[in-house]
Amino acid sequence: MTTVVDKPASKPFRWASAPERPAWEEEPSKAGLAGKGLVLAFACLAVLFPLWIVMVTSLSSRKTIDEAGGLVIVPKGLTFIAYRELLSGGQVTRATVISILITLVGTLFSMTVSVLCAYGLSRSGSLGHRWILMTLLATMFFSAGLIPTYLLVQSLGLTDTYLALILPSAISVFNILVLRGFFTEISQELIDSARIDGAGDFRILWTIVMPLSRAVLAVITLFYAVGYWSAWFNASLYLNDQDKMPLQNVMIQLVQRQQQPVGLGQAIRTGQLSGLAIQMAVMVMALLPVAVLSPFVQRHFKKGMLTGAVKG
């Protein structure tokens, strides 16, 4: 007689439990959302409140500033007399025009050289592109210093000229590398097809590469423009003529050295203007172009910077 032995029932298969998600991937709680909102609101307030004080003070009359004892927080009796006097001619008006021209010419020159250099370095068959690239990278870590740079500018006869405000800081290797990384990612088949149709390098760059690179070009243009507009060190180093000083250097003279701008001394002495209102108005004029242009380029920042930095 055969004995049948019952086999133990097999255990049901259990899937391995999925690993827990990191804390930053979990759904935020209401308390967390409220905390983030408070932090963001505090950060915005910390940035906007000083700007509000500067703007309101620049629009306040001398009587309002005297009653407030200095900087004005609550607007009262707003007037544009400070801006009207600053833009009616004189040192500040001339400095504003100089800054605008230096920014426009310098940005155009820097973008032209940077785009040409980056496009050449992005083509693997270009002559000596590896050695040129290594030389540019070396300048990011090693510099001759301030004294050799000043002696070079002086020997070229650029002191007390507007070229001294453009040429010493015309090229940024970082910007060239970002442009090169973006140009490298453009389809080589697209460029080869244009070359087969008879297009040269300059036409390929102008009609194919640059239209496909509008995002990164907008970002790099803003970088150069802000750099030229905010620059003050080159002017203080290479310029001796006060009539050639850009707006940033005039602002330093007004705010730090408490100097009165040429053409406004009589208005301040007669009580029509407050020196503090003049200082704040010049600060607003220096900040206004960047504040106006940044929102229009902001949407290109993520695409332009991240895409251009993926490959080296």
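Preceding this paragraph is the structure being described.
Summarised in this report is the structure supplied together with it.

Thresholds, definitions, all that
- Residues numbered from 1 in each chain as written.
- Predicted model: local features only at pLDDT ≥ 70, side-chain atom pairs only at ≥ 80, totals over all residues.
- Heavy atoms only, no water.
- Helix = DSSP H or I, 4+ residues; strand = E, 2+ residues; numbered from the N terminus.
- Buried < 20%, exposed > 50% of the residue type's maximum accessible area, 1.4 Å probe, protein only.
- Contact = heavy atoms within 4.5 Å.
- Core = buried A, V, L, I, M, F, W, Y, C linked by side-chain atoms within 4.5 Å.
- Polar contact = N/O pair within 3.5 Å; in protein donor to acceptor, adjacent residues only side chain to side chain.
- 1 Å grid on protein atoms, 1.4 Å probe; cavity = no way out; pocket = protein on both sides within 12 Å on 5 of 7 lines; lining within 4 Å.
- Points joined across faces, edges and corners; volume = space filled by probe spheres on them.
- Nonpolar A, V, L, I, M, F, W, Y, C, P; charged D, E, K, R; others polar.
- Axes fitted to C-alpha atoms, helices over the stretch in contact; angles between N-to-C directions.
- Parallel < 35°, antiparallel > 145°, perpendicular 65-115°, else oblique.
- Left-handed = near helix turned anticlockwise from the far one by under 90°.
- Phe/Tyr/Trp six-rings, centres within 6.5 Å; stacked < 30°, edge-to-face > 60°.

## Quick word on the environment of Arg 195
You can see Arg 195 is positioned in helix H8 (residues 188–196). By relative accessible area, which is 38% here, Arg 195 ends up partly exposed. In contact with Arg 195, other than residues within four places in its own chain, are Tyr 119, Asp 201 and Ile 204.

## Describing the nonpolar core
Among the nonpolar cores identified, the biggest contains 34 residues, and Leu 86, Val 92, Leu 247, Ile 278 and Val 282 are the most heavily contacted of them. Counting only elements with at least two residues in this core, the list comes to helix H1 (30–58), helix H3 (81–86), helix H4 (91–122), helix H10 (214–230), helix H12 (247–255) and helix H14 (275–308). Looking at this core, the element that brings in the most residues is H14, giving eight residues.

## Side note on the side chain of Thr 57
With respect to the helices and strands, the residue Thr 57 is situated in helix H1. With a relative accessible area of 0%, Thr 57 lands in the buried category. A polar contact is formed between the side chain of Thr 57 and the backbone oxygen of Ile 53, at a distance of 2.7 Å. In contact with Thr 57, other than residues within four places in its own chain, are Ile 65, Leu 71, Val 72, Leu 276, Ala 277 and Met 280.

## Observations concerning the environment of Asp 243
Within the secondary structure, Asp 243 is located in the loop between helix H11 (233–238) and H12. On the basis of relative accessible area, Asp 243 is assigned to the partly exposed category, the value being 42%. Sequence-wise, Asp 243 and Ile 98 are 145 residues apart; in three dimensions their C-alpha atoms are separated by 9.6 Å. Aside from chain neighbours lying at most four places away, what touches Asp 243 is Arg 94, Ile 98 and Tyr 162.

## Some points on empty space enclosed by the protein
According to the stated counting rule, one finds one cavity of 30 Å³ or more in the structure shown. Within this model, the largest cavity holds a volume of roughly 100 Å³. Together, Ser 99, Ile 102, Leu 165, Tyr 228, Trp 229, Ala 231, Trp 232, Asn 234, Ala 235, Pro 246 and Gln 248 line the largest cavity. Listed by contribution, the elements that provide at least two residues to the lining of the largest cavity are H4, H10 and H11. A per-class count over the lining of the largest cavity returns eight nonpolar, three polar and no charged.

## Brief notes about the packing of H4 against H10
It is the contact of H4 with H10, at a shortest axis distance of 9 Å, that shows an interaxial angle of 140°. The orientation of H4 relative to H10 falls into the category oblique. Between H4 and H10 lies a crossing whose hand is right-handed. Taking contact as the criterion, the partners of Ser 99, Ile 100, Ile 102, Thr 103, Gly 106, Thr 107, Ser 110, Met 111, Ser 114 and Val 115 in H4 are, on H10, Leu 217, Ile 220, Thr 221, Tyr 224, Ala 225, Tyr 228 and Trp 229. In the contact of H4 with H10, the residues fall into 10 nonpolar, seven polar and no charged.

## Details of the packing of aromatic side chains
Tallying each qualifying case throughout the model produces three aromatic pairs. For the pair Tyr 119 and Phe 183, a centre-to-centre distance of 6.5 Å together with 70° between the ring planes defines the contact as edge-to-face. Of this pair, Tyr 119 sits in helix H4 while Phe 183 sits in helix H7 (residues 173–184), and the two are 64 residues apart along the sequence. Take Phe 183: its relative accessible area is 0%, and that puts it in the buried class. Ring geometry for Tyr 150 against Tyr 238: centres 5.8 Å apart, planes inclined by 10°, an arrangement best described as stacked. With Tyr 150 in helix H6 (residues 146–155) and Tyr 238 in helix H11, the pair connects residues that are 88 residues apart, well separated along the chain.

In short, shape yes, function no, at least from these values alone.
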